[in-house]
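Next come the chains, spelled out residue by residue.
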Amino acid sequence: GGVPDHPHVRRLPEVIVNRIAAGEVIERPAAAVKELIENAIDAGALRLDISLDGGGVERMIVTDDGVGISPDDLTLAVERHCTSKLGDETLVHINTLGFRGEALPSIGAAARLSITSRPKGESGAWRIRVEGGKTYPPEPVAGAYGTSVVVEDLFFATPARRKFLKSARVEGRHVESVVRRLALAVPQTAFRFVLDGREVLDLPAQDMAARAAALLDASEADGFLNIAGEREGMTLSGFICPPSVHRSTANGQFMLVNGRPVVDPVLKTAVRVAYRRVIEPGRHPVVALMLTVPPEQVDVNVHPAKTELRFADEAAVRSLVIGTLQRALEHGAGVAGVRPVLSSAPRAT
Ligand code: ADP
Ligand code: MG
């Protein structure tokens, strides 16, 4: 007789917890770059330098001139659920791109992470390293104001994920798409992006029209239109190309909701519907849309990567997008409030 054998419930060690979280948050190099750029933007960076080797798997470096992390905070910053962005406890009014305190511990669990930071007023920089979940004490180093994050050997500590990586070229393309999406969210921030030694983007601080034109690779010569619409407390603005400008993929579609780059099926479908009758079948329109929604009508805490969201009233969002785009496409530059904008670099004729 006696007590039957059964496994006991134990708390998982933190290293394993972080590796599990890394599996969700850091799907591929592009996801890590996205988290690092979001942190730089949240830190108020006006200049961002991103450089990648081996599609980001070998090495990625993201350097910003933002507020920095004080030496006392460095150790906490790489711990799970630690954040300086404590906002609204109801998760309604979120004004930063990050809020979960998961990115740095996840990256540190899966890769070799090194963060060098020097806030304004500090006499020098400090660096902290985390390798496969092991954190080393911060040490003083030379460094400029701001923060520089280096990630090497991504997924060396999580071989199950490493196996699913595509070629450096394919991973690099995913990273480029993420960088472009985030660059649209902060036109006043200069972006430089170098992929395997080749400069892919060098964007100065600019206004939204110029940034959108640069990212869409469109200009006034294409009939680039400024759109504006409003409905039930929501506003839609942005820039769209006429149906004569189209791509083989949806890569020329950029969407921001309350300033956050998103990949959302409701918005994507609405764009497709708006262009359905005027664009060549099988081709994709080129648009940059900025939607603002009252914060209580959208939930951004749907997915660990925070690129998906839920709208309380999907039908209203759909009508706003379809209505605004169709009006602009029908009337072109003729309608009040809808006028072509000058691109940063007007084309010679
Ligand atoms: P979250 O962004 O959700 O707060 P992270 O794990 O991405 O979580 O970052 C943890 C903390 O580290 C941030 O809250 C911030 O205080 C600090 N931090 C990270 N990156 C930077 C940066 N580039 N500049 C300034 N502070 C940063
Ligand atoms: Mg973050």
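Residues numbered from 1 in each chain as written. Chains lettered and ligands numbered in written order. Predicted model: local features only at pLDDT ≥ 70, side-chain atom pairs only at ≥ 80, totals over all residues.

## Some thoughts on the site of ligand 1
- What surrounds ligand 1 is a group of 21 residues, the closest being N39, A43, T83, S84 and G98.
- Elements that contribute at least two residues to the shell around ligand 1 include exactly helix 2 (29-42) and helix 4 (103-110).
- Counting residues per element, the shell around ligand 1 draws most heavily on helix 2, at three residues.
- Counted by class, the shell around ligand 1 contains eight nonpolar, eight polar and five charged residues. (Near = placed C-beta within 6 Å. Helix = DSSP H or I, 4+ residues; strand = E, 2+ residues; numbered from the N terminus. Nonpolar A, V, L, I, M, F, W, Y, C, P; charged D, E, K, R; others polar.)

## Overview of the environment of R127
- Examined against the element boundaries, R127 turns out to sit in strand 4 (residues 125-131).
- Contact partners of R127, with chain neighbours within four places excluded, come to S114, I115, T116, P138, E139 and V141. (Contact = placed C-beta atoms within 7 Å.)

## With respect to the domain arrangement of the chain
- Assigned domains of the chain: these are domain 1 (14-203) and domain 2 (208-334).
- Taken together, the contact pairs 18 residues of domain 1 with 18 residues of domain 2.
- Breaking the side of domain 1 that touches domain 2 down by element, the ones donating at least two residues are helix 1 (14-25) and helix 6 (168-185).
- Looking at which element gives the most residues to the side of domain 1 that touches domain 2, the answer is helix 6, with seven residues. (Domains from an automatic or database assignment.)

## Remarks on unusual backbone geometry
- Here F155, not a glycine, exhibits a phi torsion of approximately 75°, which is positive.
- Following the sequence through the fold, F155 ends up in the loop between strand 6 (146-152) and helix 5 (159-162).
- Non-glycine residue D217 carries a positive phi angle of around 55°.
- The residue D217 is located in the loop between helix 7 (208-216) and strand 9 (225-231) in this model.
- Residue classification places D217 among the partly exposed positions, given that 13 C-beta atoms sit within 10 Å. (Buried ≥ 20, exposed ≤ 12 C-beta atoms within 10 Å, placed from the backbone.)

## Quick look at the packing of helix 1 against helix 4
- One way to put it is that helix 1 packs onto helix 4 with a least axis distance of 8 Å and a crossing angle of 105°. Comparing their axes, helix 4 and helix 1 come out roughly perpendicular. Taken together, the residues of helix 4 that come into contact with helix 1 (itself represented by V15, N18, R19, A21, A22 and V25) are A103, P105, S106, A109 and A110.
- Its residues placed into classes, the contact of helix 1 with helix 4 shows eight nonpolar, two polar and one charged. (Axes fitted to C-alpha atoms, helices over the stretch in contact; angles between N-to-C directions. Parallel < 35°, antiparallel > 145°, perpendicular 65-115°, else oblique.)

## Some words on the pairing of strand 4
- Taken across its seven residues, strand 4 has five buried, putting it largely inside the fold.
- Pairing geometry for strand 3 (residues 112-118) and strand 4, over six bridges, is antiparallel. Across the sheet, T116 pairs through a bridge with R127, a residue of strand 4.
- Hairpin connection between strand 3 and strand 4: a loop of six residues separates the two successive antiparallel strands, and G121 in this loop has a positive phi of roughly 95°.
- Bridge count for strand 4 against strand 5 (residues 134-141) is six bridges, and the pairing is antiparallel. Counted as the bridge partner of A125 is V141 from strand 5. (Pairing = 2+ DSSP bridges.)

## Looking at the environment of G282
- The residue G282 is located in the loop between helix 8 (265-275) and strand 14 (284-285) in this model.
- Each C-alpha atom, one on G282 and one on S248, is 7.4 Å from the other, the two residues being 34 residues apart in sequence.

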